[in-house]
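# Structural characterization, general
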Amino acid sequence: MTAQTDALLVIGSGRQRYRQYLLASAAERHPLWLIDAAEPTWQRPHVTGWRVVPLLDTDRLVPDREQILATAQEIAASHRIAGVFTYDETLVTTTALIAEKLGLPGLTLDGADRCRNKHRTRSALTLAGLPQPRYTLANTLEEAREAAPAIGFPMVLKPRGMGASIGVVRVDDPAAFDDAFAMAEHAGHGGSPDYEGGVLLEEYMTGPEISIDGICVDGAYEPMFIAHKQTGFEPYFEETGHVVEADDRLLTDPDLLHVLKTAHQALHVSTGITHTEVLFTERGPVVVEVNARLGGDLIPWLGELATGIRPGRVAAELALGQRPDLTRTRQRTAGIRFTYPPRNCRVQEVSVPAVGDVEGLLCAEAIADEGTELRLPPGGYLSRYAYVVCAAPERTACEQSLDKATDEAHLTFAPLD
C-alpha cells in the first residue's frame with residue numbers, strides 16, 4: 001500500500017464465527033489495517049496490513065491501551081489513515097482515544113466511557129429526564145445492604161462495566177442478597193481493570209426487551225434495525241435468541257425514537273454505531289444500556305439478512321465521517337436461537353440439522369467441541385452448544401422454523417458434579 005492510499009484502522013477482530021462477516025464487508029470498499037492481539041489467520045484475506053499488540057492479561061482480555069495507541073500513531077506516520085473503528089466491547093474506549101489523538105471521526109473518549117460505564121450511563125440519562133429505574137452504585141457489601149431498602153425488592157444487580165449480561169442477576173428478597181452481590185462483584189473482575197469493582201443496584205422493571213443497532217452522525221441518531229430479545233435461566237438474564245423484522249413498526253414509534261435520540265445526546269455520542277437495549281415498561285421505553293459498538297450474538301447479521309443493510313460497511317463509512325445509506329433492499333424476518341444443555345456437563349457430541357432439512361433454515365452450527373465443559377449460570381455464561389439461523393417472509397413463520405431447527409439440534413453429554 002502506498003503512502004497516498006486512505007486506509008481504515010480496525011482495532012481488534014473478535015472471533016471468526018461471530019465477526020468475520022463484518023470485517024469482510026468493511027474491506028469491500030476500503031483497505032484495512034488491523035491492530036490485534038495475535039497474528040492474523042482468517043483475517044488476512046480482508047486486511048492490507050496488520051500489527052500485533054499482545055494483551056496485558058489474556059484471561060481477562062485486558063488490552064494494552066498505551067501500546068495500541070503508539071502502534072496506531074506509528075502506522076499513521078507512514079500511511080494516510082482516514083478512520084478507525086472497532087466492534088469489540090473491550091476496545092471501544094481505546095478506539096475512541098485513537099480517534100481523538102489522530103483527529104479522526106468517531107466517538108470521543110468521554111462519550112465511549114459514558115456508554116461503557118453503566119453507572120455513568122444511568123447518571124447521564126437521569127439528568128436528561130428519561131424514565132429510569134431507581135438505582136445506586138455500591139462498592140462494598142455494606143454499602144449495598146444500606147442502599148437496598150431504597151431500591152426495594154425485587155431488584156437487579158449488575159457489574160459496572162461488563163457486557164453480554166455477565167454477572168447480571170435478579171434478587172427477589174434479602175435472603176438472597178449477599179450471595180447475589182458477591183456473584184455480581186466477582187464477575188466485575190473478569191474484564192478491564194478500568195471497570196472492575198462496583199455493583200449497580202437497580203429497581204427491577206418488567207416488559208418486552210429489544211435491542212436497536214443504530215447510527216449517529218454529528219449527534220443525529222437513526223435506527224438501522226431492531227432485534228426482539230429472548231432470555232432464559234431466571235433469575236439470570238442469559239440471551240437465548242433474537243428476531244429482526246425488516247418492517248418493524250417500532251422503527252417509527254415516536255416514544256421510542258424520542259428516548260433513543262435523547263439518550264444518545266445525553267451520552268455525548270457524536271459519530272459512530274451503537275447497540276442500545278430497551279425495556280418496554282409501564283413507564284414507557286426505558287434504556288437498559290447503550291453500547292458503543294455493533295451488537296453481538298450475530299444480531300448485525302440478522303439485520304443484514306432481514307433488511308439488506310451491510311453493518312460492516314456502515315461501520316466503515318461512519319469511521320470515515322460519511323453518512324451511510326440505510327436503504328432497505330430486503331423485507332423479511334430473520335432470527336437466531338441458541339441451544340443450551342439441560343445441566344452442567346462435558347460435551348461428547350453435537351449434531352445440528354442440515355440446511356434444507358428445515359424450511360427457512362439458513363445456517364446451523366455446532367459451537368461446543370468434544371470435551372468442552374458447559375456450565376449454566378451462575379457457574380458459567382454463554383454456555384451454548386449450537387445455534388440455528390432462519391429467515392421467512394414474516395415473524396410467525398420464522399419463529400416456527402427456529403423452533404423446529406432447535407428441536408433437531410442434539411447434544412450428547414456427561415454430567416458434571
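See the structure above.
Let us look at unusual backbone geometry. A negative phi holds for most residues other than glycine; trans holds for most peptide bonds. In this structure, the amide linkage connecting E234 to the following residue, P235, adopts the cis form with an omega of 10°. Mapped onto the elements of the fold, P235 is located in the loop between β10 (220-232) and β11 (238-245). Put simply, P377 and P378 share a cis peptide bond, and its omega is 5°. The topology assignment puts P378 in the loop between β17 (373-374) and β18 (386-392). A positive phi angle, close to 55°, is found at D297, a residue other than glycine. When you line up the elements, D297 lands in the loop between β13 (284-291) and α9 (299-307). Judged by its relative accessible area of 14%, D297 falls in the buried class. The backbone of L382 sits at a positive phi, close to 55°, despite the residue not being glycine. As for its position among the elements, L382 is in the loop between β17 and β18.

The subject of this paragraph is the nonpolar core. Grouped together as the largest cluster of nonpolar side chains are 44 residues, with contacts concentrated most on F85, I215, M224, I273, V314 and Y387. Those residues in contact with V314, other than ones at most four positions away along the chain, are I215, M224, I273, I309, P324 and L326. The next biggest cluster of nonpolar side chains, apart from the first, holds 26 residues, and it includes C216, Y221, V259 and V278.

So, on to the pattern of salt bridges. Counted according to the given criterion, the structure contains 32 salt bridges. R134 is paired through a salt bridge with E203; the nearest N and O atoms lie 3.6 Å apart. With R134 in the loop between α5 (118-127) and β5 (135-138) and E203 in strand β8 (residues 199-203), this pair connects stretches of sequence that are 69 residues apart. Judged by relative accessible area, E203 falls into the buried class, the value being 12%. The partner of K158 in a salt bridge is E202, with the nearest N and O atoms 3.4 Å apart. Residue K158 is found in strand β6 (residues 155-159), and its partner E202 is found in strand β8; the two are separated by 44 residues along the sequence. One exposure class covers both K158 and E202, and it is buried. A network of salt bridges, in which partner residues are shared, links E245, R337, R395, E399 and D403.

Turning our attention to the pairing of strand β14 (residues 333-339). Of all the seven residues making up β14, seven are buried; the element is thus mostly covered by neighbouring parts of the structure. Taking every second residue as pointing to the same face, both faces of β14 are buried, with T333, G335, R337 and T339 on one and A334, I336 and F338 on the other. Alignment of β11 against β14, held across five bridges, turns out to be antiparallel. Across the sheet, residue V243 finds its bridge partner in β14, namely G335. Taken together, the seven bridges between β14 and β18 define a ladder with antiparallel strand orientation. Each residue of the ladder has a partner; that of G335, found in β18, is C390.

Moving on, we come to the environment of A138. Locating A138 in the fold gives a position in strand β5. Taking the C-alpha atoms as reference, A138 lies 9.5 Å from F181; in sequence the two are 43 residues apart. When neighbours within four sequence positions are excluded, A138 is seen to be in contact with E143, A144, F181, G198, V199 and L201.

Relative to the helices and strands, E89 resides in the loop between β4 (80-85) and α3 (92-102). Take E89: its relative accessible area is 13%, and that puts it in the buried class. A distance of 2.6 Å separates the side chain of E89 from the side chain of R293, its partner in a polar contact. Ignoring sequence-local partners within four residues, the contact set of E89 consists of R116, N291 and R293.

Taken together, four strands build an open sheet; the order of strands is β3-β2-β1-β4 and the sheet is parallel. Single-partner strands in this sheet number two, and they are β3 (49-52) and β4. Taken over all neighbouring pairs, the strand axes of this sheet differ in orientation by 25° on average, direction set aside. With four bridges connecting them, strand β1 (residues 6-11) and strand β2 (residues 32-36) associate as parallel partners.

Here the focus is the sheet that holds strand β7 (residues 169-171). The strands that make up a sheet pair up through hydrogen bonds in the backbone, lying either parallel or antiparallel. The four strands are arranged β5-β8-β6-β7 in an open sheet whose pairing can be described as antiparallel. Strands with a single pairing partner mark the edges of an open sheet, and in this sheet they are β5 and β7. Strand-to-strand twist of the sheet, defined as the mean angle between neighbouring strand axes without regard to direction, takes the value 25°. Two strands pair when backbone bridges link them, and β5 and β8 are joined in this way by four bridges, in the antiparallel orientation. Note that in β8 the partner of L137 across the bridge is L200.

Reading the values: the criteria
- Once a new chain begins, its residue numbering starts again from 1 and follows that chain's sequence as written.
- Whole-chain, interface and lining totals are the exception, using all residues; otherwise, since this is a predicted model, local features are given only for residues with pLDDT of at least 70 and side-chain atom pairs are given and counted only at 80 or more.
- Hydrogens and water are ignored here; the side-chain numbers use all heavy atoms of the structure.
- Under the DSSP-based scheme used, a helix requires at least four consecutive residues in state H or I and a strand at least two consecutive residues in state E, with every element numbered from the N terminus.
- Burial classes follow relative accessibility: with a 1.4 Å probe on protein chains only, a residue under 20% of its type's maximum area counts as buried, one over 50% as exposed, and anything between as partly exposed.
- Residues belong to a common nonpolar core when they are buried Ala, Val, Leu, Ile, Met, Phe, Trp, Tyr or Cys residues joined through side-chain atoms within 4.5 Å.
- Any pair of residues with heavy atoms lying within 4.5 Å of one another is described as a contacting pair.
- We define a salt bridge as a contact between a side-chain nitrogen of Lys or Arg and a carboxyl oxygen of Asp or Glu at a distance within 4 Å.
- Two strands pair under a simple rule: DSSP has to find at least two bridges between them.
- N or O atoms within 3.5 Å of each other form a polar contact, as long as, within protein, one can give a hydrogen and the other can take it, and as long as residues adjacent in sequence are counted only when both atoms are side-chain atoms.
- Here, axes are lines fitted to C-alpha atoms. For helices the fit covers the stretch in contact, and angles between N-to-C directions go from 0 to 180 degrees.

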